[in-house]
Amino acid sequence: MPMPDFAAMLREASLRVTRPRLAVLTAVHEHPHADTDTVIGHVRADLGAVSHQAVYDVLRALTDAGIVRRIQPAGATARYESRVGDNHHHVVCRSCGTIADVDCAVGHSPCLTASDDHGFVVEEAEVVYWGTCPACAAARTTTA
Ligand SMILES: [Zn+2]
Ligand SMILES: [Zn+2]
């Protein structure tokens, strides 16, 4: 995956270019769907001592600016990814929590047409596919 120009993305979003912001963006880009602790681990490996709160604040600023997308499947901790704006969905393993990207079924939001929209202007359908990942399925058949 080519590394995007994170500094340009920050400037475009009117955010100051700082080393913690660049480190967080790099970590999220290289580790899609990482949770906060994983992001902190990578940022610390990159920059040295950085507080939990500092990374948390950066993640929130980047999410608010739309540079990073935050997802939170039911029962899971928040995860972050740099793939934004394409309305893609996620498939989540019920056993181990592994998350993979699933392209939007129709290519634009809302992906699903509500059978009855109750007069609402529907902008988005949040779709999470739940199931068992190949590794967990294989482990299950070998131990059964
Ligand atoms: Zn699994
Ligand atoms: Zn994703």
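The preceding data block contains the structure.
Procedures and definitions
Residues numbered from 1 in each chain as written. Chains lettered and ligands numbered in written order. Predicted model: local features only at pLDDT ≥ 70, side-chain atom pairs only at ≥ 80, totals over all residues. Heavy atoms only, no water. Pairing = 2+ DSSP bridges. Helix = DSSP H or I, 4+ residues; strand = E, 2+ residues; numbered from the N terminus. Axes fitted to C-alpha atoms, helices over the stretch in contact; angles between N-to-C directions. Donors = N, O, S within 2.8 Å, 3.2 Å for Na, K, Ca; no water. Buried < 20%, exposed > 50% of the residue type's maximum accessible area, 1.4 Å probe, protein only. Salt bridge = Lys/Arg side-chain N within 4 Å of Asp/Glu carboxyl O.

Colleague: Describe the sheet that holds strand β4 (residues 89–93), and please don't skip the residues or the numbers.
Modeller: Ordered by their spatial adjacency, three strands build an open sheet running β5-β4-β6, and the pairing between neighbours is mixed. One side of each edge strand has no neighbouring strand; the edge strands of this open sheet are β5 (99–102) and β6 (128–131). With strand direction ignored, the average angle separating the axes of adjacent strands in the sheet is 25°. Inspection of the sheet shows β4 paired to β5 by four bridges, in the antiparallel sense. When the sheet's bridge partners are listed, valine 92 is paired in β5 with isoleucine 99.

Colleague: Break down the coordination of the zinc ion (ligand 2) for me, citing the residues and quoting the values.
Modeller: Summarising the metal site, the zinc ion (ligand 2) is bound by the protein donors His33 (NE2), Glu81 (OE), His88 (NE2), His90 (NE2) and Asp101 (OD), whose distances to it range over 1.8 to 2.2 Å. Going along the chain, you hit the donors of the zinc ion (ligand 2) in the pattern H-x47-E-x6-H-x1-H-x10-D. Overall, the relative accessible area of 1% leaves histidine 88 in the buried class.

Colleague: Give a description of the pattern of salt bridges that names residues and reports values.
Modeller: Summed over all chains, the structure comprises five salt bridges. With its nearest N and O atoms 3.6 Å apart, the salt bridge here joins aspartate 57 to arginine 60. Taken together, the residues aspartate 57 and arginine 60, both in helix α4 (residues 52–64) and three residues apart, mark about one turn of the helix. For aspartate 57, a relative accessible area of 35% translates into the label partly exposed.

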